[in-house]
Amino acid sequence: MSMALADMVSARLREDGHSRRWLAREIGVAPQTINNLLKGFRPDVLTLEKLAQFLDQPLNVLLR
């Protein structure tokens, strides 16, 4: 079973010791975008591409 996108991002932030605000700045989105993502809302394709790079995952993994 694949891990939900919100879970993947949350786990990576926890592992790396970074905050939601840090991630937002790092990938160039509003902090609310990250908050919404972690609440289960799906981001737009551009944000998904940035998250794929942050998570070091292929985009198709995040589209599941």
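Everything below is about the structure shown above.
Residues numbered from 1 in each chain as written. Predicted model: local features only at pLDDT ≥ 70, side-chain atom pairs only at ≥ 80, totals over all residues. Heavy atoms only, no water.

Caption draft 1: Highlighting the packing of aromatic side chains. Across all of its chains, the model carries 1 aromatic pair by this definition. With a centroid separation of 6.1 Å and an interplanar angle of 55°, the aromatic rings of W22 and F54 are classed as tilted. In this pair, W22 sits in helix α2 (residues 20–27) while F54 sits in helix α4 (residues 45–55), placing the two residues 32 residues apart along the sequence. Its relative accessible area of 23% is what places W22 among the partly exposed residues. Among the residues examined, F54 registers a relative accessible area of 10% and is labelled buried. The aromatic ring of F54 is capped on one face by R12, whose charged end is 4.9 Å from the ring centroid. (Phe/Tyr/Trp six-rings, centres within 6.5 Å; stacked < 30°, edge-to-face > 60°. Helix = DSSP H or I, 4+ residues; strand = E, 2+ residues; numbered from the N terminus. Buried < 20%, exposed > 50% of the residue type's maximum accessible area, 1.4 Å probe, protein only. Lys NZ or Arg CZ within 6 Å of the ring centre and 35° of its normal.)

Caption draft 2: A look at the environment of L13. By the element assignment, L13 lies in helix α1 (residues 5–16). The exposure class of L13 is buried, given its relative accessible area of 5%.

Caption draft 3: Structural context of the packing of α1 against α4. Direction vectors running N to C along α1 and α4 enclose 45°, while the axes themselves pass 11 Å from each other. Classed by the angle they form, the pair α1 and α4 counts as oblique. For the crossing formed where α1 meets α4, the hand is left-handed. Contacts between α1 and α4 involve L5, M8, V9, R12 and L13 on the former and, on the latter, L48, L51, F54 and L55. In terms of residue class, the contact of α1 with α4 is built from 8 nonpolar, no polar and 1 charged. (Axes fitted to C-alpha atoms, helices over the stretch in contact; angles between N-to-C directions. Parallel < 35°, antiparallel > 145°, perpendicular 65-115°, else oblique. Left-handed = near helix turned anticlockwise from the far one by under 90°. Contact = heavy atoms within 4.5 Å. Nonpolar A, V, L, I, M, F, W, Y, C, P; charged D, E, K, R; others polar.)

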